[in-house]
Amino acid sequence: MHFNSEIPKICCFDSGIGGLTLLYECVRRLPCAEYFYFADNYNVPYGSMSSHQLLEKADGVFKQISLLNPSAAVIACNTVTAQCIAPLRRKYNFPVVGIQPAIKPAAAAGSCAVLATPSTAESNAVKQLVLRYGMGRTRVVPCRELAAYIEGNIFNIEPEKICALLPQIDAEAVVLGCTHYSFVKKIIKKHYKRPVFDGNAGTAEHLRAILGTFDHRHEKLPEIHFIGGDEEKNRRVFSNMEAILNSGKITF
């Protein structure tokens with residue numbers, strides 16, 4: 001029960017800006033905490049890397065995270081979660097929470113298509129999620145350029161270009177299998193005219209359950225440190241999260 005004795009120290013890691021969508025949900029639910037956001041914007045996208053490369057990258061960041069003695073670490077990248085979370089949990093002695101595609105609630109709504117980076121789409125972890133929760137009506141569809149476009153154009157997203165990068169699907173619901181995609185959730189929903197699910201809220205709730213915390217929303221504003229990658233960009237994006245997530249056309 002970290003809030004009873006100390007302010008929780010939560011470390012969040014993603015390849016770039018995508019994880020800021022999950023950080024946003026964590027901060028909403030756990031505002032009385034100190035956050036450290038680790039990013040690697042210059043090597044986006046992670047979805048085209050091999051498992052060995054991914055683990056090498058992730059472990060390098062987790063070595064930095066371990067020095068902070070965190071209350072928990074959050075992997076805000078579906079690709080890293082799918083490929084690396086098991087060895088990272090074995091190696092480090094603090095809770096490691098990973099984001100996963102929200103297949104279970106989406107499949108309950110009908111047939112669904114999971115949009116994901118190639119590495120996430122090919123991972124055994126996601127294949128197991130599909131087998132466990134997909135109800136035999138879920139398929140994973142790789143999107144090769146979508147995350148990179150969002151990362152590189154976040155301050156001037158063009159809905160037409162997003163739509164051009166979206167695959168054709170035949171499903172009743174859409175699952176976002178990359179946190180970058182959450183920035184353009186409204187555009188994707190409008191394009192497919194289908195319900196769209198992501199795993200951000202569920203992962204943030206899982207983190208809160210693990211820490212055994214409750215809402216101190218009015219007691220303290222969160223302290224957020226941006227470490228690595230393009231720190232100025234990440235800070236700027238996070239400061240505009242409300243506007244970005246609530247806009248179908250993003251221009252700053």
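Residues numbered from 1 in each chain as written. Predicted model: local features only at pLDDT ≥ 70, side-chain atom pairs only at ≥ 80, totals over all residues. Heavy atoms only, no water.

Student: What is the right way to look at the pattern of salt bridges in this model?
Tutor: What the rule picks out here adds up to 10 salt bridges. With its nearest N and O atoms 4.0 Å apart, the salt bridge here joins Lys161 to Glu158. Residue classification places Glu158 among the partly exposed residues on the basis of a relative accessible area of 29%. Between Asp198 and Lys185 there is a salt bridge; the shortest N-O distance is 3.6 Å. Of this pair, Asp198 sits in the loop between strand 8 (196–197) and helix 11 (200–211) while Lys185 sits in helix 10 (residues 185–192), placing them 13 residues apart in sequence. Residue Lys185 is classed as partly exposed on the basis of its relative accessible area of 29%. Beyond isolated ion pairs, a larger network of salt bridges with shared partners links Glu25, Arg28, Arg29, Glu205 and Arg208. (Salt bridge = Lys/Arg side-chain N within 4 Å of Asp/Glu carboxyl O. Buried < 20%, exposed > 50% of the residue type's maximum accessible area, 1.4 Å probe, protein only. Helix = DSSP H or I, 4+ residues; strand = E, 2+ residues; numbered from the N terminus.)

Student: Would you mind showing me how to read helix 11 here?
Tutor: Because an α-helix packs 3.6 residues into every turn, residues spaced three or four apart end up facing the same way. The end-to-end C-alpha distance of helix 11, which contains 12 residues, comes to 17 Å, matching closely the 16 Å that a straight helix rising 1.5 Å per residue would cover. Among the residues of helix 11, those classed as buried are Asn200, Thr203, Ala204, Leu207 and Leu211. Buried residues of helix 11 fall within an arc of 100° about the axis and therefore sit on the same side. (Expected span 1.5 Å × (residues − 1). Arc of directions from axis to C-beta.)

Student: Can you help me understand the packing of aromatic side chains in this one?
Tutor: Any aromatic ring pair is given by two values, namely how distant the centres are and how the planes are angled relative to each other. Applying the stated criterion across every chain yields a total of 6 aromatic pairs. Through successive ring pairs, a cluster of aromatic residues spans Tyr37, Phe226 and Phe238. The residue whose ring lies beneath Arg236 is Phe155, and the NZ or CZ to ring-centre distance is 3.7 Å. (Phe/Tyr/Trp six-rings, centres within 6.5 Å; stacked < 30°, edge-to-face > 60°. Lys NZ or Arg CZ within 6 Å of the ring centre and 35° of its normal.)

Student: Could you clarify how one ought to interpret the packing of helix 2 (residues 19–29) against helix 12 (residues 231–239) in this entry?
Tutor: Any two packed helices are characterised by the angle at which their axes cross and by the distance between the axes. For the pair helix 2 and helix 12, interaxial distance at closest approach is 10 Å and the crossing angle is 50°. The orientation of helix 2 relative to helix 12 falls into the category oblique. Helix-helix and strand crossings are classified by hand; for helix 2 and helix 12 the assignment is right-handed. Across from Leu20, Leu23, Tyr24 and Val27 in helix 2, the residues of helix 12 making contact are Asn234, Val237 and Phe238. Grouping the amino acids of the contact of helix 2 with helix 12 by side-chain chemistry returns 6 nonpolar, 1 polar and no charged. (Axes fitted to C-alpha atoms, helices over the stretch in contact; angles between N-to-C directions. Parallel < 35°, antiparallel > 145°, perpendicular 65-115°, else oblique. Left-handed = near helix turned anticlockwise from the far one by under 90°. Contact = heavy atoms within 4.5 Å. Nonpolar A, V, L, I, M, F, W, Y, C, P; charged D, E, K, R; others polar.)

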